[in-house]
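# Descriptive analysis of the structure
The lines below spell out each chain.
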Amino acid sequence: QVQLVESGGGLVQPGGSLRLSCAASRTIVSFNVMNWFRQAPGKERELVASITESGSTKYGDSVKGRFTISRDYAKDTVYLQMNSLKPEDTAVYYCKCNRGVIGYWGQGTQVTVSS
């Protein structure tokens, strides 16, 4: 079993930045895809960004050019750098790591963008 713990969320003003972290309880080398999802109140969970074991990245249209996903194998951590934040980015952000067909989810971290 793998435990994923997200951190770094909080309250930020529009235009500000946050960096989310997702720390794994074991090596992330075995994961073939690592993802960040988000879910706003009353909305479905949506994919924000993903990164494969080869380093290929993919982003949701609403965050392209503002968010960057990365991973640090030495720290077994996946990051989401979020810049130029907007009120519509407000959501609970979840980390999900896939090993084949098995996906592991974190508990989520709240991001609120408001003045």
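Residues numbered from 1 in each chain as written. Predicted model: local features only at pLDDT ≥ 70, side-chain atom pairs only at ≥ 80, totals over all residues. Heavy atoms only, no water.

### Description of the packing of aromatic side chains
Each aromatic ring pair is summarised here by two numbers: the centre-to-centre distance and the angle between the ring planes. Per the counting criterion, the structure on display carries three aromatic pairs. Aromatic pair Phe37 and Trp105: ring centres 5.0 Å apart, planes at 55°, arrangement tilted. Remark: Trp105 occurs in strand β10 (residues 102–105) and Phe37 occurs in strand β4 (residues 33–39); sequence separation between them is 68 residues. Of the residues examined, Phe37 reaches a relative accessible area of 16% and is grouped as buried. Linked through ring pairs, Phe37, Tyr94 and Trp105 together constitute an aromatic cluster. The cationic tip of Arg45 hangs over the ring face of Tyr94; the distance from NZ or CZ to the ring centre is 3.8 Å. Over the ring of Trp105 we find Arg45, and its NZ or CZ is 4.7 Å from the ring centre. (Phe/Tyr/Trp six-rings, centres within 6.5 Å; stacked < 30°, edge-to-face > 60°. Helix = DSSP H or I, 4+ residues; strand = E, 2+ residues; numbered from the N terminus. Buried < 20%, exposed > 50% of the residue type's maximum accessible area, 1.4 Å probe, protein only. Lys NZ or Arg CZ within 6 Å of the ring centre and 35° of its normal.)

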